[in-house]
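Architecture at a glance
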Amino acid sequence: MKKQLLISCLVLGIGTSAFAQQATNSTPATTNTAAATHADTVQAVRQLFHKRRTGGWIWMTIGVLTTVRVGAASADSDSGGNAAGKVLSVSVVGGVPAGIGISKLVRFGQAKEAAALSAYEQTKALPKYVSRRLKKKYFIE
C-alpha cells in the first residue's frame, strides 16, 4: 500500500507544472538614483549607514548578552570536566551574533560613510557596495 501511494504521489508530482518556478511578468521595483536629487541621495546614504550601524549594535548586544547568559548557565551546571565543550558552546551561541554585529559596525562605520559621501561628491557616482543596498524607502518621497 505504501509503495502504491508513493508511486502515485511521484507520478502526480512529475505530471503537474510547478507554478513557483515560472517567471513572472511583473517588473521588479528598482530605485532610479539618477533621478533623485543630490540632497536626496546624500540623505538616503546617511540613513542607510545609520540603519546598518544600529543593526550592528543590536546584533553585537544580543551576542554579548547570549554569551554572558550561556556562560553563566554552563558555569552553574556540572558537565563532568568538559571545559572545552563549554567554551565552544559559549563561543558559537554568543560569538556568531556578536561577529555579525561587529562586521556590520566595521563595514558601515562613520569613516566608511564619509568616504562614500566624498566619493559621491567627486565622481557623482556612489560606490557599488552602497548603490546595491540603497532602497526606495531610504529616499525622501
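Note that this is a predicted model, so its numbers are computed, not measured.

A few points about the environment of Ile62
Tracing the backbone through its elements, the reader meets Ile62 in helix α2 (residues 38–76). On the basis of relative accessible area, Ile62 is assigned to the partly exposed category, the value being 43%. Each C-alpha atom of the pair Ile62 and Ala98 lies 7.0 Å from the other, and the pair is 36 residues apart in sequence.

Thoughts on the packing of α2 against helix α3 (residues 83–107)
Across the interface, α2 lies against α3 with an axial gap of 7 Å and an inter-helix angle of 165°. The angle between the axes of α2 and α3 places the two elements in the roughly antiparallel class. Judged by the sense of rotation from one axis to the other, the crossing of α2 with α3 is left-handed. Of the residues that constitute the contact of α2 with α3, the class distribution is 14 nonpolar, eleven polar and five charged.

Quick word on the confidence of the model for the protein
The share of residues in the protein with pLDDT of 70 or more is 77%, and the mean pLDDT across the chain is 80. Mean pLDDT across the elements of the protein bottoms out in helix α1 (residues 2–15) (73) and peaks in helix α4 (residues 110–123) (92). A low-confidence stretch, residues 26–31 stays under pLDDT 50, and its non-local contacts, those more than four residues away or across chains, total four contacts.

A closer look at the nonpolar core
Ranked by size, the top nonpolar core spans 14 residues in total, and within it Val45, Phe49, Leu126, Val130 and Leu134 carry the most contacts. Listing elements by their share of this core, those giving two or more residues are α2 and α4. No other element matches the five residues that α2 contributes to this core. With near-sequence residues (within four places) excluded, Val130 lies in contact with Val45, Leu48, Phe49 and Ala116.

Conventions used here
- Residues numbered from 1 in each chain as written.
- Predicted model: local features only at pLDDT ≥ 70, side-chain atom pairs only at ≥ 80, totals over all residues.
- Heavy atoms only, no water.
- Helix = DSSP H or I, 4+ residues; strand = E, 2+ residues; numbered from the N terminus.
- Buried < 20%, exposed > 50% of the residue type's maximum accessible area, 1.4 Å probe, protein only.
- Axes fitted to C-alpha atoms, helices over the stretch in contact; angles between N-to-C directions.
- Parallel < 35°, antiparallel > 145°, perpendicular 65-115°, else oblique.
- Left-handed = near helix turned anticlockwise from the far one by under 90°.
- Nonpolar A, V, L, I, M, F, W, Y, C, P; charged D, E, K, R; others polar.
- pLDDT = per-residue confidence, 0-100.
- Contact = heavy atoms within 4.5 Å.
- Core = buried A, V, L, I, M, F, W, Y, C linked by side-chain atoms within 4.5 Å.

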